[in-house]
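Read off the chains here:
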Amino acid sequence: MTSNFPNLMSVCYIGNVELKNRIITAPLWTGFADRDGSVTPRTIAFYTEKARGGSGLITIEYSYVDQVGSKSAHGQLGIYDDECVPGFAILAQTIHDQGVKCAVQIAHAGAMKFLPIAPWLGPSDGFHDLSLMGPLPPLPITGMTREQIFEQINAFASAAERVKKAGFDMVDIHVAHGYLLTEFLSTHANKRDDEYGGSLENRMRFPIEVVSAVRQRVGADFPVTVRINGTDYAPDSPITIDEAIIFAKKLEEAGVDAIHVSGGTDIYLDKLATPTYLKHGFNVYLAETVKKKAGVKVPIIATGGITTPAFAEEILRDGRADFIALGRPALADPSWARKIEEGRPEDIIPCIRCNDGCLRRTIGFSRATSCAVNPRMGFETIRVIAPLKEKKRVAIIGGGPGGMEAARLAAIRGHDVTLYEKRRLGGALIEASWDTDLKRDIPNLIEYYQTQMKKLDVKIVRKEATVNSIAAGGFDAVIVANGAISIKLDIPGIDKLHVYEALDVTGGKDKDLGNTIVVVGGGVLACEIALSQAKKGKKVTITAPEGCYAGEYEIGGDNYPNRLALMEQLKENKVGINLCLLPKEITDHGIISTDKEGKEREFKADSIVVCRGFEPDKRLSNALKGKVKQVRPIGDCVQARFIYEAIHEGWVAANEI
Ligand SMILES: Cc1cc2nc3c(=O)[nH]c(=O)nc-3n(C[C@H](O)[C@H](O)[C@H](O)COP(=O)(O)O)c2cc1C
Ligand code: SF4
């Protein structure tokens, strides 16, 4: 039943290759490869699951083309010599076994590396500025000699040939996101005065020579696609859409079969993997502009923040692109396409653009990719749904993300599940999405879980669970997911009527706040509340205890792309940011804080919002011990953390009952 998505589910071609629908899974680094870049069982399990999900085309993540300087990240796939072919061949075969077409993206990192390994190659000598990421020194970029350029043209052509040998249906060349080939297009990075620098014609020369060499090596019938940037959003001398249009035309002349238009770089990462603070389909206009203005006949692929089938269908219906590509949404739910095909799009697990599993933990903590809302992503062969040994009566306390995930899996496994939630279903997600102009994605997750609860006949009890009611319920197992509580600030004046806790604000009292607001705290929620109020025209000041060591880098959390967007918008909306301040006393007219020298500073305000973080609410789980057969606390009631932990722990707990 695909009639609601006639465009999305229609057959289409890239070159001579027929794709069963117009859904492409975008190349997305996983970190599952071995140290030498080879395909691992984990790589195969991940892509097999993706292939079962029924997209028209799966593009394997960026794979490095030589062993000199092209590797970009830990656990990255490499296709730099013929020894790499057998591993890739198994990958192609397992994807084909599911009736899905596949490509490999080939790439050279240039200076865009997450590894501290020289050389950082680029068009010209210079420095790779990392100052947006943190208080980091710039990296030295070595300008490539003409000989090195020729070597790389050959490396790309050889890598493409290996892609073909391994049995893939097409090859994709990475000319986006600030990697080596894009940097030749950028006047910011490319200061050369030879035939590879200066005019646009010259700056396009290297990527076009790569495309021509690849085309020559793989032959006329093997489709070649290219991923480009419509713009990189660099504040000074960006790659412009006007130049991207000319580049697209040139690529078609050089023989490419489709052009995938993205935007941003791994530095301007918020414009590439857009967080929930930015609108959906943030970069679709770039694909649309190329499609409408470049006058090319080859298909154009749009990407970025396309999280729902309805939006994807709209893009195709309105002729803005010929295909849509899913990056993170295909991590959140690899079966995106299949669920549409089966007429149940409401079962798609929505990506909430939190960037927690896929970027925060990967960039920040050097881990492989995982996903907040899909606990099986990357654990395909480990987190396997356990067959039911004995049907049990299971109580779940708390209808937040962890509780609902636990209820979902316990019910799928065949248990008799009762979920206690005194409010409407959603729990902490309701507070987390209080301002849907700011946080646009969580309502989709709430809706998804509400639908699953209904479909799986989970009994909902809309009362507060107590030790007595649970003990009297005769349950065989109890999962406690009742969340966290605010950490109280104990200073004079805290009980005054114009003082609000963060959860009061996200719970609906935002309407009561005055025109001048001081937010106490520098974490993510504090910044979000400040931004939300500033966007409503209020005068907002943040006073944060953070910032004594690394200044503003310490506020807004440690999720790089999300923090980048948050900080940019705080500045745009003129939120005052004052660091390294400890709250001392709340007065009738504002707040007095002390700085690190112990000097007092007074901030006038009509309302004070206190965001001092959260601590686990262990009262119920502790009280239940010994009163029921099996008690398992999960999520924030164990330790206040993220949606990620709540959902993952919910899944694991429900699978073990
Ligand atoms: C963890 C991660 C890894 C990525 N790896 C690649 C990659 O290998 N090649 C590439 O062209 N883009 C890569 N991207 C960008 C995605 O393909 C995609 O363009 C971006 O996430 C925006 O699309 P989405 O909103 O559908 O995720 C990556 C993005 C993320 C979050
Ligand atoms: S971790 Fe968050 S942003 Fe990344 S794929 Fe999962 S839901 Fe989407």
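Only a predicted model underlies this, so the values are computations on that prediction, with no experimental measurement involved.

### Remarks on the pairing of strand S24 (residues 582-587)
Link 1 in the chain: Across five bridges, S24 lies against strand S25 (residues 590-594) in antiparallel orientation. Bridge assignment links Pro 583 to a residue of S25, and that residue is Ser 593.
Link 2 in the chain: Between S24 and S25, which pair antiparallel one after the other, the connecting turn spans two residues.

### Regarding empty space enclosed by the protein
Link 1 in the chain: Scanning the model with the defined rule gives three cavities of 30 Å³ or more in all.
Link 2 in the chain: The space that makes up the largest cavity amounts to roughly 100 Å³.
Link 3 in the chain: If you trace the largest cavity, you find 15 residues lining it, with Cys 351, Cys 354, Cys 358, Cys 371 and Ala 372 closest to the centre.
Link 4 in the chain: For the lining of the largest cavity, the secondary structure elements donating two or more residues are helix H9 (329-332) and helix H11 (356-365).

### Brief notes about the UniProt feature "domain: NADH:flavin oxidoreductase/NADH oxidase N-terminal" (unreviewed entry) in the protein
Link 1 in the chain: This chain's UniProt record puts "domain: NADH:flavin oxidoreductase/NADH oxidase N-terminal" (unreviewed entry) on residues 14-346.
Link 2 in the chain: The span residues 14-346 is 34% helix and 18% strand, and its two end C-alpha atoms sit 29 Å from each other.

### Topic: the site of ligand 1
Link 1 in the chain: Close contacts around ligand 1 come from 19 residues, with Pro 27, Gln 105, Arg 227, Gly 305 and Arg 328 the closest.
Link 2 in the chain: At 2.7 Å from an oxygen atom of ligand 1 is found a side-chain nitrogen or oxygen belonging to Arg 227.
Link 3 in the chain: When ligand 1 is considered free in solution it has 610 Å² of accessible area, and contact with the protein chains removes 95% of it.
Link 4 in the chain: Judged by the fraction of its atoms near the pocket grid, ligand 1 is located in the second largest pocket.
Link 5 in the chain: Each residue belonging to the shell around ligand 1 can be placed in one class, and the counts come to ten nonpolar, seven polar and two charged.

### Quick word on the UniProt feature "domain: FAD/NAD(P)-binding" (unreviewed entry) in the protein
Link 1 in the chain: Those places that UniProt annotates as "domain: FAD/NAD(P)-binding" (unreviewed entry) correspond, in this numbering, to residues 393-625.
Link 2 in the chain: Regarding residues 393-625, the helix share stands at 31% and the strand share at 25%, and the terminal C-alpha atoms are separated by 17 Å.

### Digging into the site of ligand 2
Link 1 in the chain: In the vicinity of ligand 2, the contacting residues are Arg 328, Leu 331, Cys 351, Ile 352, Arg 353, Cys 354, Asn 355, Gly 357, Cys 358, Cys 371, Ala 372 and Val 373.
Link 2 in the chain: Of the pockets mapped on this structure, ligand 2 occupies the largest cavity.
Link 3 in the chain: Class assignment of the residues belonging to the shell around ligand 2 gives a composition of eight nonpolar, two polar and two charged.

Quick notes on the rules
- Residues numbered from 1 in each chain as written.
- Chains lettered and ligands numbered in written order.
- Predicted model: local features only at pLDDT ≥ 70, side-chain atom pairs only at ≥ 80, totals over all residues.
- Heavy atoms only, no water.
- Pairing = 2+ DSSP bridges.
- Helix = DSSP H or I, 4+ residues; strand = E, 2+ residues; numbered from the N terminus.
- 1 Å grid on protein atoms, 1.4 Å probe; cavity = no way out; pocket = protein on both sides within 12 Å on 5 of 7 lines; lining within 4 Å.
- Points joined across faces, edges and corners; volume = space filled by probe spheres on them.
- UniProt positions renumbered as here; feature names shortened; annotations may be inferred.
- Near = heavy atom within 4 Å.
- Polar contact = N/O pair within 3.5 Å; in protein donor to acceptor, adjacent residues only side chain to side chain.
- Areas by Shrake-Rupley, 256 points an atom, 1.4 Å probe, with all protein chains shown as cover.
- Sits in = over half its atoms within 2 Å of the grid points.
- Nonpolar A, V, L, I, M, F, W, Y, C, P; charged D, E, K, R; others polar.

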